[in-house]
Structures are given as structure tokens and as C-alpha cells.
Amino acid sequence: MKRLLKGGRVVDPANGIDGMVDVLIEDGRIAKVGRDLPVEPGVAVVEIGRGLVIVPGLIDMHVHLREPGQEHKETIATGVASAVAGGFTAVACMPNTSPVNDHAGVTEFIMRKAADAKLAHVYPIGTVTRGSKGEHLADIAELHAAGCVAITDDGHPVANALIMRRALEYTRMFDMPVINHCEDPDLKADGVAHEGFQAAALGLRGIPGEAEGVMVARDVLLAGLTGGLYHVAHMSARSSIRAVREGKAQNIAVTCEVAPHHFTLTDEALASPIKYDTNTKMNPPLREQADVEAMIAGLADGTVDAIATDHAPHHADEKQVEFDRAPFGIVGLETCVPLTFDRLVHRGVISLSRMVELLSVNPARIIRRPGGTLAPGSAADITVLAPDTTVTIRTANLRSKSKNSPFDGWTLRGTTAATIIGGRTVYTNPEVAAASALV
Ligand SMILES: [Zn+2]
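Residues numbered from 1 in each chain as written. Predicted model: local features only at pLDDT ≥ 70, side-chain atom pairs only at ≥ 80, totals over all residues. Heavy atoms only, no water.

1. Describing the overall build of the protein chain
Stated formally: A run of DSSP states H or I qualifies as a helix once it reaches four residues; a run of E qualifies as a strand once it reaches two. Both are numbered from the N-terminal end. Exposure was quantified through the Shrake-Rupley algorithm and a 1.4 Å probe, taking into account, for residues, occlusion by the shown protein chains and nothing else.
The number of helices and strands found in the protein chain is 13 helices and 19 strands. Projected onto its principal axes, the C-alpha positions of the protein chain cover 65 × 50 × 40 Å. For the protein chain, the exposed area adds up to about 16,200 Å²; of that, 51% sits on carbon and sulfur atoms.

Put into C-alpha cells, the structure is as follows:
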């Protein structure tokens, strides 16, 4: 089966393309990209509506799908439904399930469930240590052989510097990154919010930005020592970005990601419009203005490699408790594209091409998976964007099983029009009229 996407703007930075070109899909793969491709017999022509943009499928390298073990929050099936509704053709899922993904049995279970769901690709991430307990390295060779694309103890840091060193050394033979959730456990202590004016005013125990920054700085040094591939998860503090910048200047293999909530919200969201809203409790916490500005500067100047959502579903009952007792985290898959368009692209912080690098090209490169390109021969994993469609976020309408988001009611310009995986349209946005042609 052949489909010709005609009349859209294509933004494919990996191949230096930004213009009005056609895309021919054949048997689930990109067959040709070029100006005014001829309509051959047997080709279904899809007229791309005015203003829509075709980009390589978006990849979220940091999501929590909760299955196995916490299916009341999310399942792999509901998680990938949320992913495609957010424009993502692939996600990498964190290992802090129950049981944790520290052996091939769990990795294979996740991959089987993902294959059954037939939506976004799911790339499992294994643990660094057995049981994510931070004591003994997991069987990383087994995890790699089973299909894990990276290792992390996310949810917890790898606090022991020697274990981090060994992990960075050992993963070199698999060309696989070690992702760290950076927070010094002693400095974090039992903090629940960013240490600063808001936490003090609200009577909440604080977590200084430096709890993150000291571990990022340590890990950059260890990456330099070992030559391993090091990736910083959900970076939030200005001290962290300084450490990453210095590491990159010394050609150390360090990459990093920032979540949309860390470039859109400060800790003032803990006080208004709703005081102690547990949907503003995440880890790392929402930080102060100077940190948000540092994230935005890093996104603009290339220091930040990826935008990743840290999609962390929690059941409403779990979040409807005192701020101190609520679990950390918010859902993010379906709000990422509107937030990135509205707050970064439309405000002139980054170009659309840079947005595609942050959400597709670079994540694919970091986890060593295909994608991030519309080159002929590659899988037809495509996201169609509607940069000028204004949407209002309604958490009740999210495909995710959980609705824990601080962005309910936000009106934002720019969204996903459609998501195509292996040439098959798996999602069209009913709010974008022109998307109906893509069904
Ligand atoms: Zn984390």
C-alpha cells in the first residue's frame, strides 16, 4: 500500500529539510521525499491541510507506564494510547515498576504487552542495580540482550559513586547510556518542595537545587573518568546545567533532558491558583525563576539535548491527600507538545526545527534507536503538527488513566494533528479540522 502525503511543510533537521515537500510511504516505510512527487497509479493521495507540519515521529525517552504492578495508575495499553494522542510514536519506559525491571523476564513482559497494544513503540529501560536498591549492579548484559535501551534506578539516584563508576564502565561494551535521577539523598532528606521563599512561606520542607547539581557534577566527572555514556534525567536546577555545559566543553559524553513543567512553572504554582495543589508536587520539584530561566537558556543554546515528559501517572485518590504525603509526579505525554509550542516556539525561544531535534532526533540518538529522520528506507513513523491550533487542556479528556496535571484549563497554541506509525494513522486530533484527511 502506498500513501502520498502532499502539500505539507516538512521539517526534518536530520536531513536538512524545511520546506513544502511531499512524502511517499510504501509498505510502512518512507519511500521518497521530494518536491511535487508524481501521483502514480495505486497511490492514495493525502492532502495535508494548510498550516500542518510533517516531522519525524516524536520520542519521549522518560515515561512511567506503571505496568507491571501498578495498573490502577496506568497500563502499557493506556500509556501508549496517551503517547500517540500526545504525538509520540515511541516512548522509553522507566524500570521502577513492581517488580522492577532488573531482569529479562520483566523486560520481555513489557515488550510483549507493548506489541499487543500496537500503538507507540516501547523501549524498556532496565535498572542499574538489583532491585534498584543501589547496592549491587543488575545483570546489565542480560537486560541489554533482552532489549533494554538504557539503565537507570530512576525514582532514586545511584547514590554510591563507585557503583555509578562501574555502571558507566560496564555499559561501554553495550554502547548504552546510564541515566541518573540526580539528587543527593542527604541534601534532599525528607524535602517535598524547592528550598526557597515559597517552601518557607508554605511551611514545607525544602530540597535545594544543589541536591541535584552536586550529583550531576559528580557524574560528569565519572563520565570523564570512564568514557561511559551519561544522561541526566529531568534536569531542573541551574547548578546542574552549569555542570553539563562544562562537561560538554571538555568533550565528555554527557547528555540531558528537561521536562515541560520545569520550563513552564516555578514553585509559585504551589501557592496559586490553588494552595498546596498536589499536582504541583514532583521530583525534582518546581524551582524558582532563575532555574526556569536557566532551563530555557539551555534549551535555546543547545546545552539541553532532549525534552522528556517524566510522565508519572498517579491515581486521584493517591494525590488527594496532604501535600507532604502525596506521591511525586504528574502526567505529561498529552501536554508536552502544546506547552513546547506555546512557551518555546511561539515565544521565539527555539525554532520548530530545534523542537524536532529536542523531541525526536536527539532522543533517538541518545538511546541508540531508529527514528528522528524521514530518510528514505526508514520506518514511516511520523507526527503531524498543528502549530497554530489553539487548544484548552482538559485533564478529564486525557487518554492516560491518570489525570494528575497542573495544566488543567490552560489554553495553549500548537498541538498534535495526527500520529502515524509504520505508515498507519493511529491517532487524529478531533480539534484539528484538517487532521481528518489523515485518517
Ligand atoms: Zn526521576
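On we go from here.
2. Some points on the coordination of the zinc ion
Note the following rule: Counted as coordinating are nitrogen, oxygen and sulfur atoms within 2.8 Å of the metal, or 3.2 Å for Na, K and Ca, while water is not included, which may make sites look incomplete.
At this site the zinc ion is bound by Asp 154 (OD), His 181 (ND1) and His 234 (NE2), with donor distances of 2.0 to 2.2 Å. Binding-site remark: the zinc ion is held by donors from one chain whose sequence spacing is D-x26-H-x52-H. One end of the pair, Asp 154, is in the loop between α3 (140-146) and α4 (161-170); the other, His 234, is in the loop between β14 (230-232) and α8 (238-249), and 80 residues separate them in sequence.

3. Brief notes about the packing of helix α7 (residues 210-226) against α8
Our working definition: Only the stretch in contact is used when a helix axis is fitted, and all axes are lines through C-alpha atoms; the angle between N-to-C directions ranges over 0 to 180 degrees. An angle below 35 degrees is treated as roughly parallel, one above 145 as roughly antiparallel, one from 65 to 115 as roughly perpendicular, and anything else as oblique. Helix crossings are classified by the rotation of the near helix relative to the far one: an anticlockwise turn of less than a right angle makes the crossing left-handed, while a clockwise turn makes it right-handed. A contact between two residues is defined here by any heavy atoms of the two lying within 4.5 Å.
Their axes nearest at 7 Å, the elements α7 and α8 cross at an angle of 15°. On the basis of the axis angle, α7 is roughly parallel to α8. You can see that α7 and α8 cross each other, and the crossing is right-handed. On α8, the residues touching Glu 210, Glu 212, Gly 213, Val 216, Ala 217 and Val 220 of α7 are Ser 239, Ser 240, Ala 243, Val 244 and Gly 247.

4. Some remarks on the packing of aromatic side chains
For the record, the criterion: A pair of aromatic rings is counted whenever rings of Phe, Tyr or Trp (Trp by its six-membered ring) have centres within 6.5 Å, and the orientation is called stacked for planes under 30 degrees apart, edge-to-face for over 60 and tilted otherwise. Working definition: with a 1.4 Å probe on protein chains only, accessible area under 20% of the residue-type maximum means buried, over 50% means exposed, and in between means partly exposed. Look at NZ for Lys and CZ for Arg. If either is within 6 Å of the ring centre and within 35 degrees of the ring normal, a charge sits over the ring.
Within this structure, the stated rule accounts for two aromatic pairs. Aromatic side chains Tyr 170 and Phe 174 sit 5.6 Å apart centroid to centroid with 85° between the ring planes, which places their arrangement in the edge-to-face category. Residue classification places Phe 174 among the buried residues on the basis of a relative accessible area of 16%. Arranged with centres 4.8 Å apart and planes meeting at 85°, the rings of Phe 407 and Trp 410 form a pair that is edge-to-face. By relative accessible area, Trp 410 is classed as partly exposed at 22%. In this structure, Lys 281 is placed above the aromatic ring of Phe 328, and the distance from its NZ or CZ to the ring centre is 4.7 Å. The ring of Tyr 123 has Arg 369 sitting right over it, with the charged end atom 5.8 Å from the ring centre.

5. Things to note about helix α13 (residues 352-366)
The condition is simple: A helix is expected to reach a length of 1.5 Å times the quantity of its residues less one. Note that the bend at a residue is defined as the angle between axes fitted to the seven residues ending at it and the seven residues starting at it.
With 15 residues, α13 extends 20 Å between its outermost C-alpha atoms, agreeing within 8% with the 21 Å of an ideal straight helix rising 1.5 Å per residue. Of all the bends in α13, the greatest, near 40°, is centred on Leu 358. Of all 15 residues in α13, twelve are buried; the element is thus mostly enclosed. Among all positions of α13, only Leu 352, Arg 354, Met 355, Val 356, Leu 358, Leu 359, Ser 360, Val 361, Asn 362, Pro 363, Ala 364 and Ile 366 are buried. Arg 368 lies just past α13 and shows a positive phi near 55°.

6. Details of the side chain of Lys 319
Heads up, the condition is: Only four residue types enter the charge count: Lys and Arg as positive, Asp and Glu as negative, with His and the chain ends excluded. Only one rule defines a salt bridge in this text: a Lys or Arg side-chain nitrogen within 4 Å of an Asp or Glu carboxyl oxygen. Distance and chemistry together define a polar contact, namely a pair of N or O atoms within 3.5 Å, with one atom able to donate a hydrogen and the other to accept it when in protein, and with adjacent residues in sequence counting only for side-chain atoms on both sides.
As for its position among the elements, Lys 319 is in helix α11 (residues 316-319). Among buried Asp, Glu, Lys and Arg side chains, Lys 319 stands out as unpaired, with Asp 277 the closest opposite charge at 7.4 Å. Within the local environment of Lys 319, its side chain forms a polar contact with the backbone oxygen of Pro 327, the two atoms lying 2.8 Å apart.

7. A short note on the sheet that holds strand β4 (residues 22-26)
Let me state the cut-off plainly: A pair of strands is labelled paired if DSSP reports no fewer than 2 bridges between them.
Within the open sheet, the four strands sit side by side as β5-β4-β1-β6. Their pairing is mixed. Every other strand in the sheet has two partners, leaving β5 (29-34) and β6 (43-47) as the edge strands with one partner each. Pairs of neighbouring strands in the sheet enclose a mean axial angle of 20°, with direction left out of account. The sheet contact formed by β4 and β5 spans five bridges and is antiparallel. Paired with Asp 22 across the strands is Gly 34, a residue of β5.

8. So, the pattern of salt bridges
Scanning the entire structure with this criterion turns up 21 salt bridges. Of the charged contacts, one joins Glu 322 and Arg 325 as a salt bridge, the two residues approaching to 2.8 Å between their closest N and O atoms. Residue class for Arg 325 comes out exposed when judged on its relative accessible area of 61%. Beyond isolated ion pairs, a larger network of salt bridges with shared partners links Arg 165, Arg 166 and Glu 169.

9. Brief notes about helix α1 (residues 76-85)
Counting buried positions along α1 yields seven of ten residues, so the element is predominantly enclosed. Within α1, the full set of buried residues consists of Ile 76, Gly 79, Val 80, Ser 82, Ala 83, Val 84 and Ala 85. Of the surrounding secondary structure, the elements contacted by the buried residues of α1 are β9 (88-93), α2 (104-117), β10 (121-124), β18 (411-421) and β19 (424-428). Just downstream of α1, Gly 87 is the residue with a positive phi angle, here 95°.

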